[in-house]
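Each chain, written out:
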Amino acid sequence: MRWWTAALSYVSGNVAWLRPHVEVLSRRRRTVAGAVAGTVLTVGLVCLVLPARYTATARLRVEPLASKTAPSSRDPDIPEEVSLLSSRVLVAEVIRQVGLDRNAEFVEGRRRVGWLEPATRAFKRLRKLTRRETPAPQDDADSDARLLLQVPGGLIAKYRSWLDVTAAAGAIDVAFTSPSPALSQQVANAHAAQYVRRRLGLRSQITGEPATFLEEEIDRVRGDLLAADDALAIFRGEHPDMALDGRQQALADRLRAVGQRLSEAEADRIAVESEQRLARSRHYDALPAIATNPRIRALRADAARLEARHAELRKSFLAASPEYHELSAQLRGVRGNLEREMLRATSAIESRLIVARGTETSLRNELRRTEVPLRGLDEITREAIELDEAAAHGRRLYDALRGRKQEADLLRGMQLSSALLLDPAALPTRAAEPHVLRDLVLALLAGLGLGALVALRQEARHARLETPDDVRRTLDLPPLGVVPDFSLLPRADDTALAAEVYRGVRTGLGFVDPERPPRSVVVTSSEPGEGKTATAVNLAIALAALDRRVIVVDAALRDAAVHRAFGLPPAPGLTDVVRGATSLAAAVRTIDPATGRAATTASSGVVHLLPAGTPVTDPSAILGSPRWHDVLRSLAERYETIIIDGPAVLTGVEATTLAATADAALLVVRGNRTERPVVRRALARLGAAHARVIGVVLNGVDPGCSYYRSYAYPFAA
């Protein structure tokens, strides 16, 4: 344990605010060591018992699908891809494909349980018992898929507990952990491959269905164009020398201009009809009005963020918290706003379609009016102009529709992502679980933390002084005696036991400085009610039993109590002597401790008493006056020992004044009640007054404490 002691010494010497805690840990190092040893041993045994598991990882690359000439700036939604990779439907498909429902290693293997999963599961069950919970739409869909695939829910739950899907550096890692290396490799690769197949099928479904209408229209226009070109070629073959004059050429140019506008209008109408079909089939992502709308993109980003947080809270203990309900309300609001924005954007398609159809109809009418002058031409010229215009119109319409289709394909491609298997899973050669070294290091840290908490808790429970060892260690003062709580003793009325206890205090006082014992001793305490008056009186009685001239001076002028111990009046006393109202000889009383009555000075073992006297409003003026010092010198000339019952240190300044004027101070501490910081503050005040604190009397201790029984104290016998 040398390294432990050296580390604690370094920390306590360089970080002041940690010094008290370091001292506690140093004293209770056995507790900390026991916690560390127990934690490490437990984790080590668990690592030995747990079966080995192997992890195989396949890496996927997910990137936007766009043309080479117009690359997409939109990144794929990685959280959405991770969610799809972890979906129950995909898991069920892999189970059916690989045949895991018939694999003994998979069926008989145990689920991986995280630290919080048992508590989370218990909380969810409790919540189901207390209130009915409406399942989410995704859960309903997954339930239908499981029923369709006829895969037991327990196998899906086990599979997902062994599956880890994480996003890293633009890629997605699919890791599968099982007791078999071969099974882990097989399932990881199968899961990644099935995901790629699903993405290809989804892309084909989304890009194929909306493009059908445009492709049909293009095929129709291509057929009309081929027919018009063939008719024009036959006509020119039959009339190779056909030429138009100036007036006929001008008419053909006017027809060509109107026909060009009509081709654009017809192409616009067909494109808008395609968008209308997309809107009705709810393929919103392929609509330009949706994909390029900044408001909709912002709402989708907000919805994705809220859904991610909503899913986290739903899986944790916070599913019933106010934050969860507030987040649910925000998510419903964002979804409602998104739906309204989409309806507003798609409703404009109907208006555009009406406008496009109106424009086309208007241009067709204009074309008919332009064709009226053709009736005045001869039949061959009129046929030449009509065939040429039909071929030109078909060619313009075909080119326009092809342009619209390319734009639609590019837009839909930008909204989709393409999945590619970068690195297939390799056969694992080392067990991934249990992580023995990592778990032991974590156990060591956890044991240190637990041991520190237990040590600090024990110290907090023992923050009060209970034994002489606590006094020596905490206050660095000698314990002069231990006084039990007589109310807890079966023979509490045995005065012989009390006399023996205080004789022990007298003996301790005599060993403080045998060559020059203190003549005047102030008996004080940190706070009132710790037994300083009883200690002062009984210590004086024990000293008087040695035929020593002893006097007790009641200097606790705010709450005098010595005179009540002997049933005497408080005056005349100390205050009267200091103010000159009476003489010292007249104020001193002589008491026989055996009878508690007045005795002659010639009697053996008597105790002299100087009561507090008439109450005053400013005790510090009395105890700080020169007359008090004269009284103290007079008492020192007449008595061998002066026991001064002083006030509590933390209730005023009188205690420090008395301790500074007396030869020594004796601190009384109430065992099992007075806290150590309180005693330290009292000692700090006495030290600031340069008082000489010679020791501590531990008063009111528990006589049933094992410490006192082991040391054979008389009250514990």
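Residues numbered from 1 in each chain as written. Predicted model: local features only at pLDDT ≥ 70, side-chain atom pairs only at ≥ 80, totals over all residues. Heavy atoms only, no water.

Under the counting rule described, the total for this entry stands at 23 salt bridges. The salt bridge partner of Arg102 is Asp101, with a shortest N-O separation of 3.6 Å. The exposure class assigned to Arg102 is exposed, which follows from its relative accessible area of 68%. Exposure remark for Asp101: the relative accessible area of 31% places this residue in the partly exposed category. The partner of Asp388 in a salt bridge is Arg256, with the nearest N and O atoms 3.3 Å apart. Of this pair, Asp388 sits in helix 15 (residues 379-415) while Arg256 is found in helix 11 (residues 246-280), placing the two residues 132 residues apart along the sequence. With a relative accessible area of 30%, Arg256 lands in the partly exposed category. Overlapping salt bridges bring together Glu266, Arg269, Glu273, Arg357, Glu360 and Arg364 as one network. (Salt bridge = Lys/Arg side-chain N within 4 Å of Asp/Glu carboxyl O. Buried < 20%, exposed > 50% of the residue type's maximum accessible area, 1.4 Å probe, protein only. Helix = DSSP H or I, 4+ residues; strand = E, 2+ residues; numbered from the N terminus.)

Another aspect to go through is helix 19 (residues 532-544). For helix 19, with 13 residues, the first-to-last C-alpha span of 18 Å sits near the 18 Å given by 1.5 Å per residue. A large share of helix 19 lies buried, amounting to 10 of its 13 residues. Along helix 19, the residues classified as buried are Lys532, Thr533, Thr535, Ala536, Val537, Leu539, Ala540, Ala542, Leu543 and Ala544. (Expected span 1.5 Å × (residues − 1).)

The next thing to look at is the packing of helix 18 (residues 495-510) against helix 19. One can describe the packing of helix 18 onto helix 19 by two numbers: an axis separation of 9 Å at closest approach and a directional angle of 80°. In this view, helix 18 runs roughly perpendicular relative to helix 19, as classed from their interaxial angle. Taken together, the residues of helix 19 that come into contact with helix 18 (itself represented by Tyr502, Arg503, Val505, Arg506 and Leu509) are Ala534, Thr535, Asn538, Leu539, Ala542 and Leu543. When its residues are assigned to classes, the contact of helix 18 with helix 19 shows 7 nonpolar, 2 polar and 2 charged. (Axes fitted to C-alpha atoms, helices over the stretch in contact; angles between N-to-C directions. Parallel < 35°, antiparallel > 145°, perpendicular 65-115°, else oblique. Contact = heavy atoms within 4.5 Å. Nonpolar A, V, L, I, M, F, W, Y, C, P; charged D, E, K, R; others polar.)

Taken as a whole and assessed by the stated rule, the structure comprises 4 aromatic pairs. For the pair Phe106 and Tyr159, a centre-to-centre distance of 6.3 Å together with 70° between the ring planes defines the contact as edge-to-face. With Phe106 in helix 6 (residues 104-108) and Tyr159 in helix 9 (residues 153-162), this pair connects stretches of sequence that are 53 residues apart. Classification of Tyr159 by relative accessible area gives buried; the value is 0%. Here Tyr159 and Phe176 contribute two aromatic rings whose centre-to-centre distance is 5.0 Å and whose plane-to-plane angle is 50°, an arrangement assigned as tilted. One end of the pair, Tyr159, is in helix 9; the other, Phe176, is in strand 3 (residues 171-178), with 17 residues separating them in the sequence. Here the aromatic residues Phe106, Tyr159, Trp162 and Phe176 are joined through ring pairs into a cluster of three or more. (Phe/Tyr/Trp six-rings, centres within 6.5 Å; stacked < 30°, edge-to-face > 60°.)

The topology assignment puts Ser86 in the loop between helix 4 (78-85) and helix 5 (88-98). Separated by 74 residues in the primary sequence, Ser86 and Arg160 have C-alpha atoms spaced 7.2 Å apart.

A residue-level look at the chain finds 78% of positions with pLDDT of 70 or above and a mean pLDDT of 78. Confidence, expressed as mean pLDDT per element, reaches its minimum in the chain at helix 8 (residues 137-149) with 44 and its maximum at strand 6 (residues 520-525) with 94. In the predicted structure, residues 65-75 sits below a pLDDT of 50 and forms 18 contacts with residues beyond four places in sequence or in another chain. Counting interchain partners and residues more than four positions distant, the pLDDT-below-50 stretch residues 131-148 has 13 contacts. (pLDDT = per-residue confidence, 0-100.)

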